[in-house]
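Spelled out from the first residue to the last, the chains are:
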Amino acid sequence: MIIAVTNQKGGVGKTTVATNLAACFAAEGREVLLIDADPQKSALDWRADRPDDKPQVQTIGLPVKNLHREIEPLQRKYEVILVDGGGRITATARAAIVVADFVIVPTLSSKPDALSTQDFFQQVVEEVTAIKEVHAAILVNQLQTGTVISRKVGEYLHGLGYPVFDTALHQYVAYREAIAAGLSVIEYDPGSKAAGEMASFYVELKEVLR
């Protein structure tokens, strides 16, 4: 199973989502590979900080345009491969979508981010769809509950005609603290609201993957 976490816009929380999911799969005893396809190498930094007593996540840097070819031999070794894609529309982003069984597209609840996400689907996802069937869904991230703009953007995203996860992730400081410690938010603060919603998102994702 290959899951790509990607969008053309930076700062939407791709690495936060990818690292948390990698830790969730690893906690179930699965062999997990996290591929950092972003030149900023944030996922590699997360792995370097990960405590030895936690379920381990093998992590490699692979920000290359022929990612779909490089990843083929790795599929025989790992049960789950997560690709942390970089920002901007690049050959690497297209390659990640080509190779993925499922694509998670995180976006913030702002009008510019929603428009950028729409462009990403039109320019990349739909382009790859001409080659293969693509299964993808939008994940609203860093949501601020109760704001007018978040409600309007939510309505706009649902109106695009692309799948949107029921679970949204909110703007909690626990996410930033967890990633700095090399942990998932569930490992970092199991009783927090952030941990609860990440657990819910993980459950929803597994249901979608079935």
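Up top you'll find the structure we're talking about.
Rules used throughout
- Residues numbered from 1 in each chain as written.
- Predicted model: local features only at pLDDT ≥ 70, side-chain atom pairs only at ≥ 80, totals over all residues.
- Heavy atoms only, no water.
- Helix = DSSP H or I, 4+ residues; strand = E, 2+ residues; numbered from the N terminus.
- Buried < 20%, exposed > 50% of the residue type's maximum accessible area, 1.4 Å probe, protein only.
- Contact = heavy atoms within 4.5 Å.
- Areas by Shrake-Rupley, 256 points an atom, 1.4 Å probe, with all protein chains shown as cover.
- Pairing = 2+ DSSP bridges.
- Axes fitted to C-alpha atoms, helices over the stretch in contact; angles between N-to-C directions.
- Core = buried A, V, L, I, M, F, W, Y, C linked by side-chain atoms within 4.5 Å.
- Expected span 1.5 Å × (residues − 1).
- Salt bridge = Lys/Arg side-chain N within 4 Å of Asp/Glu carboxyl O.

A. How the structure looks around the overall build of the protein chain. Scanning the protein chain for helices and strands turns up 9 helices and 6 strands. The principal-axis extents of the C-alpha atoms in the protein chain amount to approximately 45 × 40 × 30 Å. Every one of the 210 residues in the protein chain was classed for burial, and the buried ones make up 51%. Here the contacts in the protein chain between residues at least 6 apart in sequence split such that 79% fall between residues at least 24 apart. About 9,600 Å² of surface is accessible on the protein chain, with carbon and sulfur atoms providing 49% of the total.

B. Spotlight on unusual backbone geometry. The phi dihedral of K41 is positive, around 60°, even though this residue is not glycine. Residue K41 is classed as partly exposed on the basis of its relative accessible area of 48%.

C. Region of interest: helix 4 (residues 91–99). Residues of helix 4 that are buried include every one of T92, A93, A95, A96, I97 and V99, and no others. Taken together, the buried residues of helix 4 touch strand 1 (2–5), strand 2 (32–37), helix 3 (67–70), strand 4 (80–85), strand 5 (102–108) and helix 5 (111–129).

D. Expanded view of the sheet that holds strand 6 (residues 136–141). Pairing in this open sheet of 6 strands is parallel, and the strands run 3-2-4-1-5-6 from one edge to the other. Strands at the two margins of the open sheet, each flanked by one partner only, are strand 3 (58–61) and strand 6. On average, adjacent strands in this sheet sit at an angle of 20° to one another, irrespective of strand direction. Note: strand 5 against strand 6, 6 bridges, orientation parallel.

E. A look at the nonpolar core. Counting 35 residues, the largest nonpolar core has I35, I81, V83 and I97 as the members making the most contacts within it. Sorting the residues of this core by element identifies strand 1, strand 2, strand 4, helix 4, strand 5, helix 5, strand 6 and helix 6 (148–158) as the ones contributing at least two each. Here this core takes 6 residues from helix 5, the largest share from any one element. Once residues within four sequence positions are removed from consideration, I97 is found in contact with T6, V103, F120, V124, V125, V128, K132 and V134. By size, the runner-up hydrophobic cluster in this structure holds 32 residues, among which are A23, A174, A194 and L205.

F. Structural detail: helix 9 (residues 193–209). Here helix 9 contains 17 residues, and its C-alpha end-to-end distance of 24 Å stays within 8% of the 24 Å for a straight helix at 1.5 Å per residue. Among the residues of helix 9, those classed as buried are A194, A195, E197, M198, F201, Y202, E204 and L205. Those residues of helix 9 that are buried are in contact with strand 1, helix 1 (14–27), strand 5, strand 6, helix 7 (173–180) and helix 8 (185–188).

G. Representation of the environment of I179 within the structure. Looking at the element boundaries, I179 is found in helix 7. Taking C-alpha positions, I179 is 16 Å from D38, a pair spaced 141 residues apart along the chain. Filtering out sequence-adjacent residues up to four positions away, I179 remains in contact with T15, T16, T19 and W46.

H. Summary view of the environment of V173. Mapped onto the secondary structure, V173 falls in helix 7. Take V173: its relative accessible area is 43%, and that puts it in the partly exposed class. In sequence terms V173 and V12 are 161 residues apart; their C-alpha atoms lie 15 Å from each other.

I. Structural context of the pattern of salt bridges. The final tally for this structure, using the stated rule, is 4 salt bridges. Here E28 makes a salt bridge to K206, at a shortest N to O gap of 2.6 Å. Here K206 lies in helix 9 and E28 lies in the loop between helix 1 and strand 2, a separation of 178 residues in the sequence.

Function-wise, these values are silent; they only describe arrangement.
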